[in-house]
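Spelled out from the first residue to the last, the chains are:
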Amino acid sequence: MLKVGDIAIDFTLPNEKGENITLSKFKGKKIVLYFYPKDNTPGCTKEACAFRDIYQEILDKGAVVIGISPDSIISHQKFKEKHNLPFYLLSDEDHKICELYGAWGEKKMYGKTYMGVKRITYVIDENFKIMAVFPKVSPAKHGDEILEIL
C-alpha cells in the first residue's frame with residue numbers, strides 16, 4: 001500500500017464507456033481515488049452513492065472522484081446508470097492497478113479466505129503526492145471523511 005507523501009503511480013484504464021483514462025490527466029487537481037470490490041453490492045453501492053451525494057462539494061474543493069474495481073466496462077455502465085453516478089468508474093479486470101496500490105489481497109468472509117479488492121481510498125494532491133490514505137473504509141461515513149480532508 002502506498003503511504004502519505006508517496007508519489008501516485010500513474011496508470012491508464014478504461015472507463016464505463018470504454019475510453020482510456022490516464023490518472024496523470026488530472027494532475028493539477030486533487031484526486032479521490034477509491035478502490036471497491038464489486039458493482040451493485042450493498043457496501044459498494046452505499047459508498048458510491050455517498051460520493052454521488054457530495055460530488056458537487058468535492059468539485060467545489062477542486063477535486064475529482066475516480067472509482068476502480070475489477071468489474072467489466074458493461075457492469076460499470078449499468079452501475080453508473082442505475083445510481084446516477086457522476087464520476088468515472090474504471091475497469092481493472094486483471095487487478096494490476098489494484099495490486100500496485102495495495103488494494104488487492106487476502107480477504108476473509110464467513111470463515112473463508114479468498115483474494116479480492118480491499119476497500120481503500122487515496123487522496124492525491126495537485127502535485128500527484130498522496131495526501132491521505134483510508135485503508136479501512138466505512139462506506140456510509142466515507143464521504144464526510146473525504147470532505148474533511150479536502
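Below or above, wherever it landed, is the structure these notes cover. Please read these numbers as outputs of a predicted model, since none were measured by experiment.

**Comments concerning the overall build of the protein**
- For the protein, the helix and strand inventory stands at 5 helices and 9 strands.
- From first element to last, N terminus to C terminus, the protein shows the α and β order β-β-β-α-α-β-α-β-α-β-β-β-β-α.
- Relative to the compact-globule value of 15 Å for 150 residues, the protein shows a C-alpha radius of gyration of 14 Å, a close match.
- Projected onto its principal axes, the C-alpha positions of the protein cover 40 × 30 × 30 Å.
- Buried residues in the protein amount to 48% of all 150 residues.
- Intrachain contacts of the protein at a sequence separation of at least 6 include 62% that bridge at least 24 residues.
- Of the roughly 7,600 Å² of accessible surface on the protein, a fraction of 50% belongs to carbon and sulfur atoms.
- Looking at charge distribution, the protein has the averaged site of its 22 positive side-chain charges lying 3 Å from that of its 21 negative ones.

**A word on the packing of aromatic side chains**
- Tallied over the full model, the rule gives 11 aromatic pairs.
- Taken together, a centroid distance of 5.5 Å and an interplanar angle of 35° make the contact between Phe35 and Tyr101 tilted. Of this pair, Phe35 sits in strand E3 (residues 30-35) while Tyr101 sits in the loop between helix H4 (96-100) and strand E6 (104-109), and the two are 66 residues apart along the sequence.
- Residue classification places Phe35 among the buried residues on the basis of a relative accessible area of 0%.

**Overview of the nonpolar core**
- Formed by 24 residues in total, the largest nonpolar core has its most connected members in Leu23, Leu33, Phe35, Ile68 and Tyr101.
- At the level of elements, E3, strand E4 (63-69), H4 and strand E8 (120-124) are the ones that each hand at least two residues to this core.
- Residue contacts for Leu23: discarding those within four places in its chain leaves Ala8, Ile9, Asp10, Phe11, Ile31, Leu33, Ile66, Tyr101, Ile124 and Phe128.
- Formed by 22 residues, the second largest nonpolar core is a distinct cluster that contains Tyr36, Ile58, Ala63 and Val123.

**What about the sheet that holds strand E5 (residues 88-91)?**
- Judged by pairing direction, the sheet is mixed, and its 5 strands sit side by side in the order E5-E4-E3-E8-E9 without closing on themselves. Looking at the sheet topology across the chains shown, the edges are occupied by E5 and strand E9 (130-134). Each strand of the sheet is rotated relative to its neighbour by a mean of 20°, with strand direction disregarded.
- Sheet strands touched by helix H3 (residues 73-83): E4 and E5. Its angle to E5, the strand with the most contacts, is close to 160°.

Basis of the calculations
Residues numbered from 1 in each chain as written. Predicted model: local features only at pLDDT ≥ 70, side-chain atom pairs only at ≥ 80, totals over all residues. Heavy atoms only, no water. Helix = DSSP H or I, 4+ residues; strand = E, 2+ residues; numbered from the N terminus. Rg over C-alpha atoms; globule rule 2.2 N^0.38 Å. Buried < 20%, exposed > 50% of the residue type's maximum accessible area, 1.4 Å probe, protein only. Contact = heavy atoms within 4.5 Å. Areas by Shrake-Rupley, 256 points an atom, 1.4 Å probe, with all protein chains shown as cover. Lys, Arg positive; Asp, Glu negative; His and termini not counted. Charge placed at Lys NZ, Arg CZ, Asp CG, Glu CD. Phe/Tyr/Trp six-rings, centres within 6.5 Å; stacked < 30°, edge-to-face > 60°. Core = buried A, V, L, I, M, F, W, Y, C linked by side-chain atoms within 4.5 Å. Pairing = 2+ DSSP bridges. Axes fitted to C-alpha atoms, helices over the stretch in contact; angles between N-to-C directions.

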